[in-house]
Amino acid sequence: MEEVKINTEYITLDQFLKYVGIAETGGKGKQMILKGLVKVNGNIELKRGKKLRKGDTVIVDEKQFVIK
């Protein structure tokens, strides 16, 4: 599990995927989300604008991230 520190109240899911390097662009992140490849807190998330806050976990493939 990788810890990712954010300095704002929240980060959107598509921005997060780009920030951690999972998606090269926001568009690729959006496609991954719409295909159901991303889980937030254990549930498949289909909204690219989902607000992630400290304590949330994101899983893509076998990679797991926790927001700090």
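Residues numbered from 1 in each chain as written. Predicted model: local features only at pLDDT ≥ 70, side-chain atom pairs only at ≥ 80, totals over all residues. Heavy atoms only, no water.

Engineer: In this structure, what is going on with the overall build of the protein chain? I would like to understand it.
Structural biologist: Secondary structure assignment for the protein chain yields two helices and seven strands. Going from the N terminus to the C terminus, the protein chain shows its helices and strands as β-β-α-α-β-β-β-β-β. The C-alpha radius of gyration of the protein chain comes to 10 Å, within 12% of the 11 Å expected for a compact globule of 68 residues. Principal-axis analysis of the C-alpha atoms places the extent of the protein chain at approximately 25 × 20 × 20 Å. Within the protein chain, the proportion of its 68 residues that are buried is 34%. Here the analysis covers contacts within the protein chain between residues at least 6 apart in sequence; of these, 45% occur between residues at least 24 apart. Of the roughly 4,500 Å² of accessible surface on the protein chain, 46% is carried by carbon and sulfur atoms. The distance from the centre of the 14 positive side-chain charges to the centre of the 9 negative ones in the protein chain is 5 Å. (Helix = DSSP H or I, 4+ residues; strand = E, 2+ residues; numbered from the N terminus. Rg over C-alpha atoms; globule rule 2.2 N^0.38 Å. Buried < 20%, exposed > 50% of the residue type's maximum accessible area, 1.4 Å probe, protein only. Contact = heavy atoms within 4.5 Å. Areas by Shrake-Rupley, 256 points an atom, 1.4 Å probe, with all protein chains shown as cover. Lys, Arg positive; Asp, Glu negative; His and termini not counted. Charge placed at Lys NZ, Arg CZ, Asp CG, Glu CD.)

Engineer: What is the right way to look at the environment of Gly42 in this model?
Structural biologist: By the secondary structure assignment, Gly42 is in the loop between strand E3 (38–40) and strand E4 (43–44). Taking the C-alpha atoms as reference points, Gly42 and Gly21, separated by 21 residues in sequence, lie 20 Å from one another.

Engineer: What is the right way to read the pairing of strand E6 (residues 57–60) from this model?
Structural biologist: Consecutive side chains of a regular strand alternate in pointing toward one face of the sheet and then the other. Here E3 runs beside E6; their pairing, made up of three bridges, is antiparallel. Each bridged residue has a counterpart across the sheet, and for Val38 the counterpart in E6 is Val60. Two strands pair when backbone bridges link them, and E6 and strand E7 (residues 63–67) are joined in this way by four bridges, in the antiparallel orientation. Directly across from Thr57, in E7, lies its bridge partner Val66. (Pairing = 2+ DSSP bridges.)

Purely geometric stuff here, so don't read any function into it on its own.
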